[in-house]
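In case you want the letters, here they are:
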Amino acid sequence: MTGRQALWLATLGSAALMAGALAFQYIGGMPPCKMCYWQRYPHIVAIAIGALALGLSNRALTLAGAAAALTTSGIGFYHAGVERGLWEGPTSCTSAPIGGLSADELFDQIMAAPIVRCDEIPWEMLGLSMAGWNAVISLGLTCLWLLAWRRF
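Now for a description of the structure that goes with this document. This structure is a prediction, so every number in the text was calculated from the model and none was measured.

Considerations on the packing of aromatic side chains
Considering all chains together, one arrives at two aromatic pairs under this definition. Seen from their ring centres, tyrosine 78 and tryptophan 87 are 6.5 Å apart, and the 5° between their planes marks the pair as stacked.

What to know about the environment of valine 136
In this fold, valine 136 is placed in helix 5 (residues 130-151). Exposure remark for valine 136: the relative accessible area of 39% places this residue in the partly exposed category. Expressed as a C-alpha distance, the spacing of valine 136 and tryptophan 123, which sit 13 residues apart in the sequence, is 16 Å. Residue contacts for valine 136: discarding those within four places in its chain leaves Phe77 and Leu128.

Describing the environment of isoleucine 121
One can find isoleucine 121 in the loop between helix 4 (103-112) and strand 1 (124-125). Looking at isoleucine 121, the relative accessible area reads 30%, which means it is partly exposed. Excluding its chain neighbours within four sequence positions, the residues that come into contact with isoleucine 121 are Glu83, Arg84 and Ser129.

Some thoughts on the pattern of salt bridges
Two side chains bearing opposite charge may form a pair once their charged atoms approach each other closely. Enumeration over the complete set of coordinates arrives at three salt bridges. Linking glutamate 124 and arginine 84 is a salt bridge whose minimum nitrogen-to-oxygen distance equals 2.9 Å. Of this pair, glutamate 124 sits in strand 1 while arginine 84 sits in the loop between helix 3 (61-83) and helix 4; the two residues are 40 residues apart in sequence, bridging distant segments of the chain. We classify glutamate 124 as partly exposed; its relative accessible area is 43%. Arginine 84 gets classed as partly exposed once you look at its relative accessible area, which sits at 41%. A salt bridge links aspartate 119 to arginine 117, with the nearest nitrogen and oxygen atoms 2.9 Å apart.

Rules used throughout
Residues numbered from 1 in each chain as written. Predicted model: local features only at pLDDT ≥ 70, side-chain atom pairs only at ≥ 80, totals over all residues. Heavy atoms only, no water. Phe/Tyr/Trp six-rings, centres within 6.5 Å; stacked < 30°, edge-to-face > 60°. Helix = DSSP H or I, 4+ residues; strand = E, 2+ residues; numbered from the N terminus. Buried < 20%, exposed > 50% of the residue type's maximum accessible area, 1.4 Å probe, protein only. Contact = heavy atoms within 4.5 Å. Salt bridge = Lys/Arg side-chain N within 4 Å of Asp/Glu carboxyl O.

Following this line, the structure appears as structure tokens:
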């Protein structure tokens, strides 16, 4: 595989993941949580970097694309861990323990909670949530970006 082919695949891979996320949102009726949005931003950056790298034939941009793909992969792994209860997520999109709360405090917490929580799994396949799939696939895209850098 040539560097340009790897660059095309990496760029199209991020575009495909974004298209999939939008399809889940708008066709599947699964609105994204805050952390889902966080995972989308590096894909958008990677698509732009890929277009620039292809248009300018700039090898150095492939490293920036690898960084974007690795960033979304890291966020995806973090989000998947939050979904599985391995660690706490941001308090702005997860639930705190309710054991010692009064009824008024619990009501306030419910009313302040976001509509889409980051610590719930709305969809999974083969034991991986969307965040988990994004993490794994984006790690593969990182490898494609690095292959493009090496062979460009």
